[in-house]
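# Summary of structural features
Residue strings, one per chain:
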Amino acid sequence: MGLQRKTFLIISFLLLACVQAWATHIRAGEITAVRISQTSLKFRFTIVIYSDTGSPIQVADGGIINFGQGRTIGSLQGGNRQTIEDASVNFEERSIGNETAMTIIEIEHTFDGPGVYVVSYTEQNRNDGILNINGGSSKQVPFHIETVLRIDPGLDVNATPQLTIPPIDRGCIGARFTHNPGAYDPDGDSLAYRMVNLLQDRGVEVSGYVPLNDPSITTLREDGGSPAKFEIDPITGTFTWDAPMVAGEYNAAFIVEEWRFSEVTGKYELLGYVTRDMQILIEDCDNERPELEIPADTCIEAGAILEAIIRGTDPDNNKVLVEAFGGVFDLNPNAAQFTPEPSFRQQPAEHTFSWQTDISHVRRRPYEIQFKVSDQPTDPDAPSLTEFATWYVTVVAPAPTGLNSAIANARSIQLTWDNYVGRNFNPVMKIYRRVDSFDFDPENCNLGIPDGSGYELIDQVPINQTNYVDTNDVRPGVNYCYRIVAEFPLPKGGTSYASIETCALIPLDVPAITNISVEETDITNGKMFVKWTSPLEIDQVLFPPPFRYELIRYQGFTGTAGRTLVTSTTDTTYTDTGLNTQEIPYHYQVRFYDSGDNLIDSSSVASSVWLSALGLVQAVELKWEANVPWTNKVQEYPYHYIMRNRTDAAATDENNFVLIDSVKVTNSGFIYFDDGSFNIPLCLTTESTAIL
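Residues numbered from 1 in each chain as written. Predicted model: local features only at pLDDT ≥ 70, side-chain atom pairs only at ≥ 80, totals over all residues. Heavy atoms only, no water.

A word on the overall build of the protein chain. Across its full length, the protein chain carries three helices and 48 strands. What you see for the protein chain is a C-alpha radius of gyration of 34 Å, clearly larger than the 26 Å of a compact globule of 692 residues, by over 25%. Expressed along its principal axes, the backbone C-alpha trace of the protein chain runs to roughly 110 × 65 × 55 Å. Relative to its full complement of 692 residues, the protein chain shows a buried share of 50%. Within the protein chain, contacts between residues at least 6 apart in sequence are counted, and of these 68% link residues at least 24 apart. Roughly 31,000 Å² of accessible area belongs to the protein chain as shown, and the carbon and sulfur atoms make up 48% of that amount. Of the side-chain charges in the protein chain, 48 are positive and 90 negative, and the distance between the mean point of each set is 2 Å. (Helix = DSSP H or I, 4+ residues; strand = E, 2+ residues; numbered from the N terminus. Rg over C-alpha atoms; globule rule 2.2 N^0.38 Å. Buried < 20%, exposed > 50% of the residue type's maximum accessible area, 1.4 Å probe, protein only. Contact = heavy atoms within 4.5 Å. Areas by Shrake-Rupley, 256 points an atom, 1.4 Å probe, with all protein chains shown as cover. Lys, Arg positive; Asp, Glu negative; His and termini not counted. Charge placed at Lys NZ, Arg CZ, Asp CG, Glu CD.)

Right under this line is the structure:
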């Protein structure tokens, strides 16, 4: 980097020979809002303005606040506009260094009704010398920031994203510059970030604005590559300019959007956004960026203590300042702690992050904790370089406890469980069922019911209910297994860890189909093999053997289409012939009679496996399905094998299937992509078999 930095220094000296020192007025700012009433649409707006401390102009002299509803507050008289000094406004002003003052304006406003409102602040003068606005003649360019607020009764109460890291940062010529706003959403909404142009009025962009990656501003990155980079990470919010070439002041703007899932529309809805207009101070310096060490993203069960060491280092052996930002430090109760108090320390500087979580912290989205490390060069006039890192921590609700199952009768299973620890937050209890057991560890970030486990949601009940009777097509001889999960309401949301598993098996007092295989694929001469068990646990005193069975065939996976009595037999296997197995799936049912020829009961229906193929570009997508009373996702036998056969005219044996691959269906489901590497026509076969 040394040679590259020298090149930047030479360029900056030539271009800045006639540049004046930094001038006056507004450097940066943003507007945020919080709803402060549950019975009215009353919001508290916080306008934060950063200004040059050498300016003779005060922030309140020229500023106009517009609530987007006909009400404006500002220094110009007339109409319904009033001076800021006469309004009910709270002011706070303090110096934050780097010749910058931060003015905080708090004002309350009540909206008339639902709608989308653009709330803005406009003032006539930016500070002079902003190099990417009119070539540095920026003093006469107005400063304008906007926040969009959507008030929608269907989306509940809402506050805008809150920004915790000031928008004034310093950087070095030739060094990658980064910034993060430290944004969080009090309601747990999803945040997204994107760059926008600077504004000078409502809907009016700054005409002389040049983006920071424009060739007139910069052409090279820190590593010497080209073109320069000017972007913001849409997920983490880290803004990157790689790399400035000329010393001076620059401005850029981005917005922080908030999105919330709507159960009404079934999709994420944009609630609004906050605009940050920020300023970057680039200086001539020779410095290496400090580094941060943070833990890996994690999940923690509500009620546990989360502790971690955050470490800051510097390759130049300068002192470093490690700071922490985010909504976790504003929680009530049990805000997170960051100790010792941030200050410049000899590197490596270690701090302890500690957070006593509780059930009120549960939410669907992870908490974003931003860390910032700054170095302290030995030259007191040299700028500090910074680095940011984001730690994602998800607080997960505890698993429901005490789940038990018992047979209620021949067609139902009774479930009971304990009162849930988080019931005061009004979650619902979701009930999941699968056939046969599936083991997994509900811990770390394995929350709720994992994909591929085979559990299906069968119902949900109010959180104060602690019992449930399952009558959803419960059949004898099937091992039904259950887990329950607490689901917290939006907007915060959140899914608990799953409960322990409980299983119940109703005695097999009816026949049970255990195997259906396609023995021959053909339009007219197809064959199906069907196998079933006798009613093993039937009361033979009430229903004396020998038993007679009737095998009924239907077309398709369900329904009664094509109902046909195939055979009447005392055997428990049968080969069904003369079928169109190439174009039609079939399902079967067994009825049984005692020695007195009395119809006792019938089995559950079970279908053949149906395999379909879809031709793609240089690939074939295979999918298979079946409607059976057992499960085809079994942990002990998780793989389904894919066999392929040549069916072209040159094939020597059209029944010579070759194993080419396997699919772990517990993870991937019943789908496979054949990339066509064998370059031959395909013919595949599968089999549906019960695991008893």
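Moving on from the model shown.
When strand 43 (residues 610-616) meets strand 44 (residues 619-625), the two strands line up antiparallel, connected through seven bridges. Each bridged residue has a counterpart across the sheet, and for Leu611 the counterpart in strand 44 is Trp624. In this structure, the hairpin formed by strand 43 and strand 44 is closed by a connection of two residues, where Gln618 is found at a positive phi of approximately 55°. (Pairing = 2+ DSSP bridges.)

Among the surface-exposed residues, Leu614, Leu616 and Phe673 lie close enough to one another that they form a single nonpolar patch of about 280 Å² accessible area. Structurally, the position occupied by Phe673 is in strand 47 (residues 671-674). Assessed through its relative accessible area of 46%, Phe673 is described here as partly exposed. (Patch = residues over 30% accessible without salt bridge, like charges linked within 9 Å, V, L, I, M, F, W, Y side chains within 5 Å. Salt bridge = Lys/Arg side-chain N within 4 Å of Asp/Glu carboxyl O.)

It is worth spelling out empty space enclosed by the protein at this point. Following the criterion strictly, the structure yields two cavities of 30 Å³ or more and no others. When grouped by side-chain class, the residues that make up the lining of the largest cavity number four nonpolar, no polar and four charged. Taken as a whole, the second largest cavity encloses approximately 30 Å³ of empty space. Every residue along the wall of the second largest cavity is listed here: Arg170, Arg176, Phe177, Thr178, Arg289, Leu385 and Thr386. Residues belonging to the lining of the second largest cavity are distributed by class as follows: two nonpolar, two polar and three charged. (1 Å grid on protein atoms, 1.4 Å probe; cavity = no way out; pocket = protein on both sides within 12 Å on 5 of 7 lines; lining within 4 Å. Points joined across faces, edges and corners; volume = space filled by probe spheres on them. Nonpolar A, V, L, I, M, F, W, Y, C, P; charged D, E, K, R; others polar.)

Once that is clear, we can look at the sheet that holds strand 11 (residues 177-179). Reading across from one edge, 11-17-16 is the order of the three strands in this open sheet, with antiparallel pairing throughout. Every other strand in the sheet has two partners, leaving strand 11 and strand 16 (229-232) as the edge strands with one partner each. Adjacent strand axes in the sheet meet at a mean angle of 5° when their direction is disregarded. One ladder, built from four bridges, connects strand 16 with strand 17 (residues 239-242); its direction is antiparallel. Paired with Lys229 across the two strands is Asp242, which belongs to strand 17. (Axes fitted to C-alpha atoms, helices over the stretch in contact; angles between N-to-C directions.)

Further remarks concern the side chain of Asp470. Summarising the element assignment, Asp470 is placed in strand 32 (residues 467-470). On the accessibility criterion, Asp470 (0% relative accessible area) is buried. Polar contacts involving the side chain of Asp470 include one to the side chain of Tyr482, which spans 2.6 Å. Residue contacts for Asp470: discarding those within four places in its chain leaves Arg411, Ser412, Ile413, Arg433, Ile458 and Tyr482. (Polar contact = N/O pair within 3.5 Å; in protein donor to acceptor, adjacent residues only side chain to side chain.)

Looking along the chain, the bond that leaves Asp242 and enters Ala243 is cis, with omega of 10°. Backbone torsion omega between Thr339 and Pro340 reads -5°, so that peptide bond is classified as cis. Mapped onto the secondary structure, Pro340 falls in the loop between strand 24 (337-339) and strand 25 (349-356). Of note, Asn426 is a non-glycine position whose phi angle comes to about 60°, a positive value. With respect to the helices and strands, Asn426 occurs in the loop between strand 29 (412-416) and strand 30 (428-435). Even without a glycine there, the phi angle at Asp473 is positive, about 55°. With respect to the element layout, Asp473 can be found in the loop between strand 32 and strand 33 (479-487). By relative accessible area, Asp473 is classed as exposed at 57%.

Applying the stated criterion to the full structure yields 20 aromatic pairs. Look at Phe43 and Phe111: their rings are 5.7 Å apart centre to centre, the planes differ by 75°, and that puts the pair in the edge-to-face class. Of this pair, Phe43 sits in strand 2 (residues 42-52) while Phe111 sits in the loop between strand 6 (100-110) and strand 7 (115-123), and the two are 68 residues apart along the sequence. Exposure class is identical for Phe43 and Phe111. Each is buried. (Phe/Tyr/Trp six-rings, centres within 6.5 Å; stacked < 30°, edge-to-face > 60°.)

Counting 47 residues, the largest nonpolar core has Phe353, Trp355, Phe371, Trp417 and Ile431 as the members making the most contacts within it. Counting residues in hydrophobic clusters, the runner-up holds 31 residues, among them Val141, Met245, Val246 and Ala253. (Core = buried A, V, L, I, M, F, W, Y, C linked by side-chain atoms within 4.5 Å.)

For the structure shown, the criterion picks out three disulfides. Here Cys172 pairs with Cys285 through a disulfide, and the sulfurs are 1.7 Å apart. A torsion of -140° about the S-S bond marks the disulfide between Cys172 and Cys285 as left-handed. Taken together, the positions of Cys172 in strand 10 (residues 168-172) and Cys285 in the loop between strand 19 (267-283) and strand 20 (291-293) put the pair 113 residues apart, joining distant regions of the chain. Summarising the burial analysis for this pair, Cys172 and Cys285 share the class buried. For the protein chain, the bonded cysteines connect in the pattern 1-2, 3-4, 5-6 when numbered consecutively along the sequence. (Disulfide = S-S within 2.5 Å.)

This paragraph deals with the sheet that holds strand 30. Hydrogen bonds between backbone groups are what pair the strands of a sheet, and the pairing can be parallel or antiparallel. One open sheet accounts for four strands, arranged 31-30-33-34; its pairing is antiparallel. Unpaired on one side and paired on the other, strand 31 (456-462) and strand 34 (502-505) mark the two borders of the sheet. On average, adjacent strands in this sheet sit at an angle of 30° to one another, irrespective of strand direction. Two strands pair when backbone bridges link them, and strand 30 and strand 33 are joined in this way by eight bridges, in the antiparallel orientation. Looking across to strand 33, one finds that Arg434 is bridged to Cys481.

Turning our attention to the environment of Arg126. For Arg126, the location among the structural elements is in the loop between strand 7 and strand 8 (143-151). Each C-alpha atom of the pair Arg126 and Asn158 lies 31 Å from the other, and the pair is 32 residues apart in sequence. Among the polar contacts listed, one links the side chain of Arg126 to the backbone oxygen of Pro142, at a separation of 3.2 Å. Within the structure, Arg126 has its side chain in polar contact with the backbone oxygen of Leu199 (distance 3.1 Å).

Before going further, it helps to examine the pattern of salt bridges. Overall, the coordinates contain 28 salt bridges when judged by the stated rule. The salt bridge involving Lys372 is made with Asp169; its shortest N-O contact spans 3.1 Å. Of this pair, Lys372 sits in strand 26 (residues 367-376) while Asp169 is found in strand 10, placing the two residues 203 residues apart along the sequence. Asp169 shares its class with Lys372; the two are buried. Here Arg411 makes a salt bridge to Asp601, at a shortest N to O gap of 2.9 Å. Residue Arg411 is located in the loop between strand 28 (404-409) and strand 29, and its partner Asp601 is located in strand 41 (residues 599-602); the two are separated by 190 residues in the primary sequence. Note on Arg411: relative accessible area 27%, which makes it partly exposed. Under the relative-accessibility criterion, Asp601 is labelled partly exposed at 27%. The network of salt bridges with common partners includes Arg548, Glu550, Arg591 and Asp597.

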